[in-house]
Amino acid sequence: MKLKNKWVIVAGLVVVAGLIAAFALNRNTQAQHFTAKVEKGEIHDVVEATGMINAVITVQVGSQVSGTISKLYVDFNSRVHKGDIVALIDPALFKGALLQATADLENAKANLVAARTNVEKAKAALVQTKADYDRTVELFKEGVMSQQQLDLAKANYQSADATVGGALANVTQAEAQVSQKDAAVAVAQTNLNYTVIRSPIDGTVVARNVDVGQTVAASLQAPTVFTIAQDLTKMLVYAKTDESDVGNIKVGRPVAFKVDAFPKETFHGVVSQVRMNATTVQNVVTYDTIVEFANPELKLFPGMTAYVTIPVATVQNVLKLPNTALRYKPPMAPEEILALYRQYGIEPGERKMASDTAAAAEPSAAPGGAAQNPPRAPKADNAVVWVLHADNSMEPIKVSLGITDHSYTEVAGVLKGELKEGDELIIRSVVPKSSAPGAQGIRR
């Protein structure tokens, strides 16, 4: 009896071991599929970019003259109006230069008066010598005066006439000296006026670059004393957009953006301009897209980083599939995949094109770990996705694609097969190492 029980136990163990081996063998030869459902909903195609917030107008207020800052009337964040005094340069040297130029002008005016007096004196002498010459001519005709006396009178007359010409020239020179000295006075007065630095616009001081006692030198270029931003209630975002995106961005489109200072808030603006001046960094070409927005509460400051989202297209109540399904390739030999494509009337090149498009549409990570905005790749019109049926069989479906939001893509139409909401699309398959590639679980 005991022997019989032993054989029963051994037989039971053998059966259990066989079942386990069969289950393990069957498990090792079956590919494990991961799926995502076809959904129905809306897709927003957007352009994402990073930019910087700037004031509409920013003026760098500089100094036209060199000198020492003697007084500052404003500081950071001060509100100023056009014409307000914001700083003062020590005017002592410029006052001295103005006094010297004024004295030189008075001297030139005195010289002009003297030159004009000399003209009158020369003219009087000319009148006298001319009368003597005329009288000598009459007496010479009567034989009273000799030829020598006539020549002497003529020479005196010509000399007096030349003296008048020289005196007039001195007057012209003296007038020029007066004009020159008058201009020097104007320059000295202007330089003195430049020691008072005024605000050219209404705005807010966003930067102060000098302190009292500091010397500014304006020999080569005007040094910046203050930076004033005009009307911070209206500001701009300078967004760097990829060259592949600028064709989709139109003036007047609404824009949403966020900033690090207020991570839970979304701010809104409007595209006002796409500038044609390109910027190339490491062979990446970008263009500045200018976004206008209102800042009535003065929450946002110049220089903040803005993460901009520009909607370019929207569809609603459409079939959409995950982009990972576009990149899926079944665990089959290439010959089997090509044969299956031909069976369903699918061109071999379509699957590769769709896969490349989906890969380009997915956000990538930079070496430092920060997410980058990928350039928008040309979108394939058609793609092939794989549906997993309840019996674990797979079927390729050819679809035409619409817009994408980089996570989901619109199904514009089904070209081969049937696709509906709720279908399970294969996004990844795991094949055990002991299992050779083959067309397992394929519906033919």
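Residues numbered from 1 in each chain as written. Predicted model: local features only at pLDDT ≥ 70, side-chain atom pairs only at ≥ 80, totals over all residues. Heavy atoms only, no water.

What is the right way to look at the overall build of the protein in this model?
Looking only at helices and strands, the protein has six helices and 19 strands in total. Of all 444 residues assigned to the protein, the portion counted as buried reaches 34%. A separation of at least 24 residues holds for 75% of the contacts in the protein among residues at least 6 apart in sequence. Carbon and sulfur atoms make up 56% of the accessible area of the protein, which totals about 25900 Å². (Helix = DSSP H or I, 4+ residues; strand = E, 2+ residues; numbered from the N terminus. Buried < 20%, exposed > 50% of the residue type's maximum accessible area, 1.4 Å probe, protein only. Contact = heavy atoms within 4.5 Å. Areas by Shrake-Rupley, 256 points an atom, 1.4 Å probe, with all protein chains shown as cover.)

Just to check I follow, could you spell out the pattern of salt bridges for this structure?
Where side chains of opposite charge bring their charged atoms close, a pairing between them can arise. Overall, the coordinates contain nine salt bridges when judged by the stated rule. The partner of D288 in a salt bridge is K240, and the shortest N-O contact between them spans 3.0 Å. In this pair, D288 is assigned in strand β12 (residues 284-294) and K240 in strand β9 (residues 224-242), connecting sequence segments 48 residues apart. Accessibility expressed as a relative area gives 14% for D288, which makes it buried. Looking at K240, the relative accessible area reads 36%, which means it is partly exposed. Taking the shortest distance from any N to any O, the salt bridge between K299 and E297 comes out at 3.9 Å. (Salt bridge = Lys/Arg side-chain N within 4 Å of Asp/Glu carboxyl O.)

Can you help me understand the nonpolar core in this one?
Across soluble globular proteins, nonpolar side chains show a tendency to be buried alongside one another. The biggest cluster of nonpolar side chains holds 35 residues, and the ones touching the most others in it are I197, F226 and I228. In terms of residue count, helix α2 (residues 92-141) provides more of this core than any other element does, ten residues in total. Counting residues in each nonpolar core, the second largest holds 23 residues, with M235, I249, V259 and A306 among its members. (Core = buried A, V, L, I, M, F, W, Y, C linked by side-chain atoms within 4.5 Å.)

I tried to follow the pairing of strand β16 (residues 382-388) on my own but got confused; where do I start?
Taken residue by residue, a regular strand's side chains alternate between the two faces of the sheet. The element β16 is extensively covered by neighbouring structure, given that six of its seven residues are classed as buried. Summarising the sheet, β16 and strand β17 (residues 394-404) pair through seven bridges and their orientation is antiparallel. Across the sheet, the residue bridging to A383 is V399, located in β17. Remark: five residues form the turn of the hairpin made by β16 and β17, two consecutive strands paired antiparallel; N392 in that turn has positive phi of roughly 70°. (Pairing = 2+ DSSP bridges.)

What should I look at first to understand helix α5 (residues 334-343) in this one?
Helical geometry note: an α-helix holds 3.6 residues per turn, so side chains three or four residues apart project in the same direction. The set of residues buried in α5 consists of I337, L340 and Y341. All buried residues of α5 fall inside an arc of 100° around its axis, so they share one side. Exposed and oriented more than 90 degrees from the buried face of α5 are E335 and R342. (Arc of directions from axis to C-beta.)

I keep staring at α2 and nothing clicks. Help me out?
Here α2 is 50 residues long and its end C-alpha atoms lie 74 Å apart, about the 74 Å a rise of 1.5 Å per residue gives. F94, L98, A101, L105, A108, L112, A115, V119, A122, L126, T129 and T136 are the residues of α2 that are buried. Tucked inside the fold, the buried residues of α2 contact α3 (147-194). Positive phi shows up at G143, right after α2, with a value of about 85°. (Expected span 1.5 Å × (residues − 1).)

Explanation requested: the confidence of the model for the protein in the structure shown.
Atomic detail in the predicted coordinates should be set aside for any region of low pLDDT. Looking at the protein as a whole, its pLDDT mean stands at 84, while 83% of the residues score no less than 70. Note that pLDDT drops below 50 for residues 23-28; the model gives that stretch four contacts with residues more than four away or on any other chain. Here residues 436-444 is modelled with pLDDT under 50, and outside its nearest four sequence neighbours on either side it reaches 28 contacts, counting other chains as well. (pLDDT = per-residue confidence, 0-100.)

What am I meant to see in the side chain of D423 here?
Along the chain, D423 falls in the loop between β18 (408-416) and β19 (424-430). Here the side chain of D423 touches K420 through a polar contact of 3.0 Å, landing on its backbone nitrogen. (Polar contact = N/O pair within 3.5 Å; in protein donor to acceptor, adjacent residues only side chain to side chain.)

Would you take a moment to explain unusual backbone geometry for this structure?
Excluding glycine, residues mostly have negative phi values, and the peptide bonds linking residues are mostly trans. A positive phi is found at N77, a non-glycine position, where the angle reads about 70°. If you trace the backbone, N77 turns up in the loop between β3 (67-72) and β4 (79-80). We classify N77 as exposed; its relative accessible area is 62%. Here the phi dihedral of D231 falls at roughly 50°; this positive angle occurs in a residue that is not glycine. Counting through the fold element by element, D231 comes out in strand β9. We classify D231 as partly exposed; its relative accessible area is 34%.

What's the story with the sheet that holds strand β5 (residues 85-89) in this structure? I'm lost.
Whether parallel or antiparallel, the strands of a sheet pair through hydrogen bonds between backbone atoms. Across the sheet, which stays open at both edges, the four strands sit in the order β6-β5-β3-β8 with antiparallel pairing between neighbours. Strands with a single pairing partner mark the edges of an open sheet, and in this sheet they are β6 (196-198) and β8 (215-216). Two elements, β5 and β6, share three bridges in a ladder whose sense is antiparallel. Within β6, the residue paired with L88 across the bridge is V196.

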